[in-house]
Amino acid sequence: MAANQENSFNHLVFKAQAVRKQMNTNLRDQVVKDIYQRAEEIAAKAVALPDTRNDLDRKIDNIVTSRIWGYPLMFALLSLVFWLTITGANYPSQLLSNVLFGFQEQLTGFFRWAGAPAWLHGVLVLGLYRCLAWVVSVMLPPMAIFFPLFTFLEDLGYLPRVAFNLDKLFKKAGAHGKQILTMCMGFGCNAAGIIACRIIESPRERLIAILTNNFVPCNGRFPTLIAMAAVFMGALAAGTNSFAAAGVVAGVVLIGIAVTLLVSRILSKTLLKGVPSTFTLELPPYRMPKIGTLLIRSILDRTIFVLMRAVVVAAPAGVITWILANVTIGDMSIVARLAGWLDGFGRIIGLDGYILLAFLLGLPANEIVVPILIMCYLAQGTMLELDSIEALRQLLLNNGWTWLTALNMILFSLLHFPCATTLLTVRKETQSTKWTVLAALIPTGAAIAVCFLVAQIVRALGLV
Amino acid sequence: MGLTTQSTGIYAFVEEMHQDPNFNTDAVIALAGNPNTGKSTVFNGLTGLNQHTGNWPGKTVVLAKGIYEHRGKKITLVDLPGTYSLLANSADEQVARDFICFGNPDATVVVADATCLERNLNLVLQVMEITPKTILCLNLIDEAKRKAIRIDRNGLERLLGIPVVPTVARDKGGLAELENTIHEVALGKRQMNPRQTIYHQAIEEALRELQAELEEVLQGKLNSRWVALRLLDGDSSIIDEIRRYLITSTTQVGKEV
Amino acid sequence: MSIAEFELTQLPVGGFARVVGIKAEGLVRNRLLDLGLVPATVVEAVRKSPAGDPIAYKIRGALIALRSEESRQITVRALVED
Ligand SMILES: Nc1nc2c(ncn2[C@@H]2O[C@H](COP(=O)(O)OP(=O)(O)O)[C@@H](O)[C@H]2O)c(=O)[nH]1
Ligand SMILES: [Mg+2]
C-alpha cells in the first residue's frame, strides 16, 4: 500500500474512533445482539424444534451428574475400563509372550548353529529381542483394549461431564476447569495431553495444566502399574485377582488426581499466582459412536502409534542395558556399580538401586522401565524363564522385594519425571527451559517425598 | 509464552503452505464451525486423512491441512479450530478469523450442528460478513432426525443467500454434494450473493459514514462493510492486522497469480 | 405486576429467565455475549454439578456450564408467560 494509502487508512481509523464516541449505544453489544437476533429469526422460520425438556440426553445426565451417583459412577467406569483391560489382556498377553519368547529359543538355536560369539547373541537376542518382545507382549493387548474403550467414552461425550463434575475442585485449586480434559488426554499419552493444554486460554492456567499433566499415568506406565498390581496387590487378596488389580489401578489414578490438585494449588499460590479466569464449558449432546470406525481409528492412530514409538525406543534401550549389565569393570558389571551408588538412596525411599537405575535408563519412554529392571535383575545370575506373572513375582522376591517395594514402585511410576518425549513437548509448548526443568523437577520431588513418607510410615508401623 | 495478543502466525502458515509444492493446488478451502460440529470428520471424509475427532469441545488444537481431488481439480482443505464467534476474544477465534480473512481461501465452509442451528448461525452470519464465498454445511442431520428436528433447507438458503448442504459426515452422507458445491463456489462458477445482517440504525448510519472512503483504500481486497465494523468496534489487534495485510498485499502484487 | 431482576446464579434448577444485561466489562463481557447471552435471551437452568457449582444452562439450544463467578455477572428477570 502506498504511503498515502496507509495515511488514509489511519485517518479512517481515527474517524471511526470519533464516530464511535458520538454513538450512544455500546457497539459491540449491539452488533452481537443484532446478529443473534437475526439468527433467532432465521431459525424460527426454517427450523421446527420439538420440546427437548424430556429428551434422552437429560435423562442420562440426570444420572451421570447426579449428586449421589455422579462420583461413584465415574470411579466405577474408570475401574470397569481397567478391569476389562486387565482381564481382557491377560490371555492374549500370555499367548503373545509364549510365541515371542518361544521364538527366542529358535533365535538362540540359530546363533549357536551359526557359531556366533556369545556377546553378539547377548546383545541381539538377550538385549534387543527380549526387550522388544516384552514391550510388545505386555503393552499391545492392554492398549488394544484400553484405547478403544477410552475412545468410546470420548466419542460418546462423557469427558465434558467429568469436567463438569470435577470443576469445583479445580476451581479451588486455582486451576482451569478444562484441565481435566487435558488430563483425560494424558491417559493416552502425556505429550498429547500437554499439546491439548492449548485449549486453555490463560497462560497461567495453561502452565499449571502442563506442569501437572504427568500425574496422570499414560499408557506407557499402565503396563507397569498393572504388572505391579497383579504381582503384589492382587496377591494380597486371594490369588492374582483382576478385580483387586483393577481397583488398585483406579485408586492410583485417584491419587494422581489428588496430587494434581495439590500441586496445582501450590503452584497457583506461589510460582503461578492468580485467580481462575472465565470458564465456560459446553456439554455436547451424547452421540453414539460408530464402533467400526472407532476400532480402526483407536487401534491404528493410537495403539499402533504408541506401540511403534515404544518399539523404536525399546530396541536400543535393550542393547544398551544388556551391555551395561554384562560388561564388567573390576569384578562388577556397570549396572551393578551404578545401582550400588543409587542403592542407599533407593532404600530410604522404599525402592532399591536397580529400580532407580531402571527409571533413569527409562527416561526415553516409560514402557521400557520394567523390561530394563528385569534385565538388570536377570543379569545377576539367577537365570530363569520369565514367561508368567508368577515368574516375575519370584524374580522380584528373590531380589528382596516386599509389598512396600511394589507399592512404592507404583507410586514412583505415577509421580516421577515425565519421559523425554513429554519433556521435549513441554519445551516446545512453553518455549522455556525454566518451565521444562520444573516439569521434570516438580514430579520428581513429589515422587521422592511421597515414597519417602510411605516407606517411613510403613516401616515405623512395622508392617514389613 | 506467545499465546495471546500477538499475531496468530497465520501469515507464516499461509506462506509455508504456498511454498510447499504439494499444496500448490487449484483452490484453498477453509473449514470453520462451532466446536464439535464435525469439522474434522468432514475434513477426514474429504481428504482421507485422520485428523483427531472426539466428542468434546476444543480437541482440534492445531491447523490441519489436507488435499483432495474433484473433477480433475486439486483442492486444499484447512481444518480451523472450532469457535462460536469471530470477534476474537480468544486465540482460537483469532486464528480462525485471520485465516478466513487474510488467508485468501477460495471458499469457506461453515460446518454447523443441525440439532442446534440457531447457535451455529451466529458464526455463519459473521463469516458471511467477511467473505461472500460462504457455504453452510448442515452436518449431523441424522442426529437432528433422531431428535425430530426439521429444517427447511430451501428456506434457509433463501434467508441466508448462500448454498446449504445437509450432510451426515460420519457416514460420508452428502459429502459428494458438498464437493460439488465447493467446486462451483471456489472456482467462481456460482454467483454468490449473501444477505448481510442489517444492524441497528445508529450503526448503519455510522457505517455509511465510513464505507465510501474505505472502499477507495481497500480497493476490493477486503470487504469494506466488515472493515468498517471493525474500525467502529475499535479492537486494535484486528485493525493492526488489517493494516499489515493491506501493506503486504500491495508489496506482493505480481507474486500472486 | 413488577418483575424483579436478579442474578442468574439465583435461578433455581428447572427455572427459566430472560437476560436483562451483563454486569461484567471487557473480555468476560464479550465472552458471555458471544455465548448468546444478549438481552432478551431466554435461559433455562438445567442442572447443578454434584459439587453445587458450576451450573449448566440451556442457552440458545446448547447446554453450557458456567461457574458462579460468571453467572453472578448476568442479570435476568423472571419469565412471564405471555
Ligand atoms: N451422528 C453423527 N455424528 C457425527 C457426525 N459428524 C461427526 N460426528 C461425531 O461428532 C463428534 C465431533 O466431531 P469432530 O469431527 O471431532 O468435530 P469438530 O470439533 O468440529 O472437529 C465426533 O464424535 C464425530 O464422530 C454426523 O454426521 N453424525
Ligand atoms: Mg476438530
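Residues numbered from 1 in each chain as written. Chains lettered and ligands numbered in written order. Predicted model: local features only at pLDDT ≥ 70, side-chain atom pairs only at ≥ 80, totals over all residues. Heavy atoms only, no water.

Student: Account for the interface of chain B and chain A, with residues named and values stated.
Tutor: Of the residues lining the interface, 71 residues belong to chain B; the matching set on chain A comes to 64 residues. Summing both partners gives a buried area of about 6300 Å² for chain B against chain A, and 60% of it is carried by carbon and sulfur. Across the chain B-chain A interface, the total number found is five salt bridges. Between B:Asp171 and A:Lys290 there is a salt bridge; the shortest N-O distance is 2.8 Å. A per-element tally of the side of chain B that touches chain A places helix 8 (residues 201-218) of chain B first, with nine residues. Here the side of chain B that touches chain A is built from residues that sort into 35 nonpolar, 19 polar and 17 charged. As paired elements, strand 1 (residues 47-48) of chain A and strand 6 (residues 150-151) of chain B share two bridges and run antiparallel to each other. Looking at strand 6 of chain B, one finds that A:Ala48 is bridged to B:Arg150. (Contact = heavy atoms within 4.5 Å. Buried area = accessible area lost by both parts, 1.4 Å probe. Salt bridge = Lys/Arg side-chain N within 4 Å of Asp/Glu carboxyl O. Helix = DSSP H or I, 4+ residues; strand = E, 2+ residues; numbered from the N terminus. Nonpolar A, V, L, I, M, F, W, Y, C, P; charged D, E, K, R; others polar. Pairing = 2+ DSSP bridges.)

Student: Quick rundown of the pattern of salt bridges? Include the residues and the values.
Tutor: Taken as a whole and assessed by the stated rule, the structure comprises 25 salt bridges over all chains. Residue A:Asp61 pairs with A:Arg161 through a salt bridge whose shortest N-O separation is 2.9 Å. Residue A:Asp61 is located in helix 3 (residues 56-64), and its partner A:Arg161 is located in helix 6 (residues 159-172); the two are separated by 100 residues in the primary sequence. Classification of A:Arg161 by relative accessible area gives buried; the value is 1%. Put simply, C:Arg29 and C:Glu25 hold a salt bridge, and the shortest N to O gap is 3.8 Å. Given the relative accessible area of 58%, C:Glu25 is considered exposed. One network of salt bridges, with partners in common, ties together A:Asp29, C:Glu25 and C:Arg29. (Buried < 20%, exposed > 50% of the residue type's maximum accessible area, 1.4 Å probe, protein only.)

Student: I'd like a description of the packing of aromatic side chains, backed by residues and values.
Tutor: What the rule picks out here adds up to 13 aromatic pairs over all chains. An angle of 15 degrees between the planes, with centres 5.8 Å apart, marks the rings of A:Phe146 and A:Phe150 as stacked. Residue A:Phe146 and its partner A:Phe150 are located together in helix 5 (residues 118-156), separated by four residues, close to a single helical turn. Since its relative accessible area comes to 4%, A:Phe146 is described here as buried. Each ring, one from A:Phe187 and one from A:Phe222, has its centre 6.2 Å from the other, and the planes form 15 degrees; the classification is stacked. One end of the pair, A:Phe187, is in helix 7 (residues 179-188); the other, A:Phe222, is in helix 10 (residues 222-236), with 35 residues separating them in the sequence. Each member of the aromatic cluster is reached from another via a ring pair, and the members are A:Phe82, A:Phe146, A:Phe147, A:Phe150, A:Phe187 and A:Phe222. In this arrangement the basic side chain of A:Lys434 is found over the ring face of A:Trp435, its NZ or CZ atom lying 4.4 Å from the centre. The residue whose ring lies beneath C:Arg67 is A:Phe279, and the NZ or CZ to ring-centre distance is 4.7 Å. (Phe/Tyr/Trp six-rings, centres within 6.5 Å; stacked < 30°, edge-to-face > 60°. Lys NZ or Arg CZ within 6 Å of the ring centre and 35° of its normal.)

Student: I'd like a description of helix 1 (residues 26-34) of chain C, backed by residues and values.
Tutor: Of all the positions in helix 1 of chain C, only C:Arg29, C:Asn30, C:Leu32, C:Leu33 and C:Asp34 are classed as buried. Just past helix 1 of chain C, the residue C:Gly36 takes up positive phi, approximately 100 degrees.

Student: Before we move on, can you summarise the confidence of the model for chain A with the specific residues and values?
Tutor: Summing up the model confidence of chain A, the mean pLDDT is 87 and the portion of residues at 70 or higher is 95%. Between the elements of chain A, mean pLDDT differs from a low of 73, seen in helix 10 of chain A, to a high of 95, seen in helix 19 (residues 433-460) of chain A. (pLDDT = per-residue confidence, 0-100.)

Student: Describe the interface of chain B and chain C, and please don't skip the residues or the numbers.
Tutor: In this assembly, 10 residues from chain B lie in contact with 10 residues from chain C. Across the chain B to chain C interface the summed buried area is about 800 Å²; carbon plus sulfur atoms make up 41%. Looking at the side of chain B facing chain C, the largest losses of area belong to B:Asn89, B:Glu118 and B:Arg119, adding up to 67% of the total buried there. In this structure, the connection of chain B to chain C is made through one salt bridge. For C:Arg60, the salt bridge identified is with B:Glu118, shortest N-O distance 2.7 Å. Linking chain B with chain C are four residue pairs in polar contact (both at pLDDT 80 or more). For the side of chain B that touches chain C, the element with the most residues is helix 4 (residues 117-130) of chain B, which contributes three residues. (Polar contact = N/O pair within 3.5 Å; in protein donor to acceptor, adjacent residues only side chain to side chain.)

Student: Go over helix 9 (residues 203-212) of chain A with me, naming the residues and quoting the values.
Tutor: Working note: α-helix, 3.6 residues per turn, so residues spaced by three or four point in the same direction. All names here are of chain A. With nine of 10 residues buried, helix 9 lies mostly within the body of the structure. When we look at burial in helix 9, the residues that qualify are Arg-204, Glu-205, Arg-206, Leu-207, Ile-208, Ala-209, Ile-210, Leu-211 and Thr-212. For helix 9, the secondary structure elements touched by its buried residues are helix 7, helix 8 (190-196), helix 11 (242-269), helix 18 (420-430) and helix 19.

Student: Outline the pairing of strand 5 (residues 62-66) of chain C, listing residues and values.
Tutor: The element strand 5 of chain C is largely enclosed, with a buried count of five among its five residues. The side-chain alternation of strand 5 of chain C yields two buried faces, one formed by C:Ala62, C:Ile64 and C:Leu66 and the other by C:Leu63 and C:Ala65. Sheet topology note: the strand 2 (residues 280-282) of chain A/strand 5 of chain C ladder contains three bridges and is antiparallel. Residue pairing for strand 5 of chain C: A:Thr280 is matched across the bridge by C:Leu66. Taken together, the five bridges between strand 4 (residues 55-59) of chain C and strand 5 of chain C define a ladder with antiparallel strand orientation. In the sheet register, C:Ala56 faces strand 5 of chain C, and the bridge partner there is C:Ala65.

Student: Go over the environment of B:Asp171, please, and point to the residues and values.
Tutor: All names here are of chain B. Assignment of secondary structure puts Asp-171 in the loop between strand 7 (164-166) and helix 7 (175-186). Looking at Asp-171, the relative accessible area reads 42%, which means it is partly exposed. Sequence separation between Asp-171 and Leu-121 is 50 residues, and the spatial gap between their C-alpha atoms is 24 Å.

Student: Please give an account of the packing of helix 2 (residues 27-46) of chain A against helix 6 (residues 153-160) of chain B that cites residues and values.
Tutor: In helix packing, the relevant descriptors are the interaxial angle and the interaxial distance, both defined with respect to the helix axes. Interaxial distance between helix 2 of chain A and helix 6 of chain B falls to 9 Å at its minimum, and their mutual angle equals 150 degrees. Taken together, helix 2 of chain A and helix 6 of chain B sit at an angle that is classed as roughly antiparallel. Relative to helix 6 of chain B, helix 2 of chain A is oriented so that their crossing is right-handed. Within the contact between the two elements, helix 2 of chain A uses A:Arg38, A:Ile42, A:Lys45 and A:Ala46 and helix 6 of chain B uses B:Leu156, B:Leu159 and B:Leu160. A class-by-class count of the residues in the contact of helix 2 of chain A with helix 6 of chain B yields five nonpolar, no polar and two charged. (Axes fitted to C-alpha atoms, helices over the stretch in contact; angles between N-to-C directions. Parallel < 35°, antiparallel > 145°, perpendicular 65-115°, else oblique. Left-handed = near helix turned anticlockwise from the far one by under 90°.)

Student: An account of the sheet that holds strand 1 (residues 5-7) of chain C is needed here, citing residue identities and associated values.
Tutor: Here seven strands make up an open sheet; going across it, the order is 2(A)-5(C)-4(C)-3(C)-2(C)-6(C)-1(C) and the pairing antiparallel. Strands with a single pairing partner mark the edges of an open sheet, and in this sheet they are strand 2 of chain A together with strand 1 of chain C. The average angle at which neighbouring strand axes cross in this sheet is 40 degrees, direction not considered. With three bridges joining them, strand 1 of chain C and strand 6 (residues 74-78) of chain C adopt antiparallel strand pairing. Directly across from C:Phe6, in strand 6 of chain C, lies its bridge partner C:Val76. Strand contacts of helix 6 of chain A: strand 2 of chain A together with strand 3 (42-48), strand 4 and strand 5 of chain C, with the helix running at about 145 degrees to strand 2 of chain A, the strand carrying the most contacts.

Student: Break down the side chain of A:Thr303 for me, citing the residues and quoting the values.
Tutor: Residues and elements named next belong to chain A. Here Thr-303 shows up in helix 12 (residues 291-326). Take Thr-303: its relative accessible area is 0%, and that puts it in the buried class. Residues in contact with Thr-303, not counting those within four places in the same chain, are Leu-140, Met-143, Ala-144, Phe-147 and Ser-298.

Student: Report on the packing of helix 9 of chain A against helix 11 of chain A, specifying residues and quantitative values.
Tutor: Residue and element names in this part refer to chain A. Between helix 9 and helix 11, whose axes approach to 10 Å, the crossing angle comes to 140 degrees. Taken together, the axes of helix 9 and helix 11 are oblique relative to one another. The hand of the helix 9/helix 11 crossing is right-handed. Contacts between helix 9 and helix 11 involve Arg-204, Ile-208, Leu-211 and Thr-212 from the first element and Thr-260, Val-263, Ser-264, Leu-267 and Ser-268 from the second. Here the contact of helix 9 with helix 11 is composed, by residue class, of four nonpolar, four polar and one charged.

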